[in-house]
Amino acid sequence: IGDYNDASTFMEILHSEHGLNDTGYDNPEYDALLEQASIEPDLARRSRLMHQAEALLLDDLPVIPIYFYVTSKLVRPEVVGWQGNLMDHHATRHVRILAAPPAD
């Protein structure tokens, strides 16, 4: 799970100068794209820069993801206020139960 909801939370780790770049990945073009994206105020342009960096990463393949965090929840229709989120945290102050539907 990323520290924040942005692709850079994972992509910056593979910047050649990042302290957690344990792979030793070093691609100057990738670094330059990340640096440009980090200061780009236009979100559409920033997204294109991040996509270009990701394409380089996928071509070079310095890491292979072997695990993807997933959860499944079944929430009855009478439960309201339940919102899915990246951290899978659910404050009960936002959740309530409406009257249950009559049994058949």
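Just so we're clear, the structure is a prediction, and the values are computed from it rather than from any experiment. (Residues numbered from 1 in each chain as written. Predicted model: local features only at pLDDT ≥ 70, side-chain atom pairs only at ≥ 80, totals over all residues. Heavy atoms only, no water.)

A. Representation of the layout of surface pockets. In this structure, the largest pocket occupies an estimated 760 Å³ of space. Around the largest pocket sit 19 residues that line it, and Phe10, Leu57, Val63, Pro65 and Phe68 are the ones nearest its centre. Among the elements of the structure, helix 1 (8-11) and helix 3 (43-60) are those that each provide at least two residues to the lining of the largest pocket. If one sorts the elements of the lining of the largest pocket by residue count, helix 3 sits on top with five residues. Here the residues of the lining of the largest pocket are counted per class, giving 17 nonpolar, one polar and one charged. Size it by volume and the second largest pocket reaches roughly 170 Å³. Lining the second largest pocket are Tyr4, Ser8, Glu12, His15, Leu34, Glu35, Ala37, Ser38, Arg46 and Met50. Mapped by element, the contributors of at least two residues to the lining of the second largest pocket are helix 2 (28-39) and helix 3. (1 Å grid on protein atoms, 1.4 Å probe; cavity = no way out; pocket = protein on both sides within 12 Å on 5 of 7 lines; lining within 4 Å. Points joined across faces, edges and corners; volume = space filled by probe spheres on them. Helix = DSSP H or I, 4+ residues; strand = E, 2+ residues; numbered from the N terminus. Nonpolar A, V, L, I, M, F, W, Y, C, P; charged D, E, K, R; others polar.)

B. Spatial organisation of the side chain of Asp31. In this structure, Asp31 sits in helix 2. The buried charged residue Asp31 lacks any salt bridge partner; its closest oppositely charged side chain belongs to Arg46, at an N-O distance of 14 Å. For Asp31, the side chain forms a polar contact with the side chain of Ser16, separated by 2.4 Å. The residues touching Asp31, leaving out its near neighbours within four places in the chain, are Leu14, His15, Ser16 and Asp26. (Buried < 20%, exposed > 50% of the residue type's maximum accessible area, 1.4 Å probe, protein only. Lys, Arg positive; Asp, Glu negative; His and termini not counted. Salt bridge = Lys/Arg side-chain N within 4 Å of Asp/Glu carboxyl O. Polar contact = N/O pair within 3.5 Å; in protein donor to acceptor, adjacent residues only side chain to side chain. Contact = heavy atoms within 4.5 Å.)

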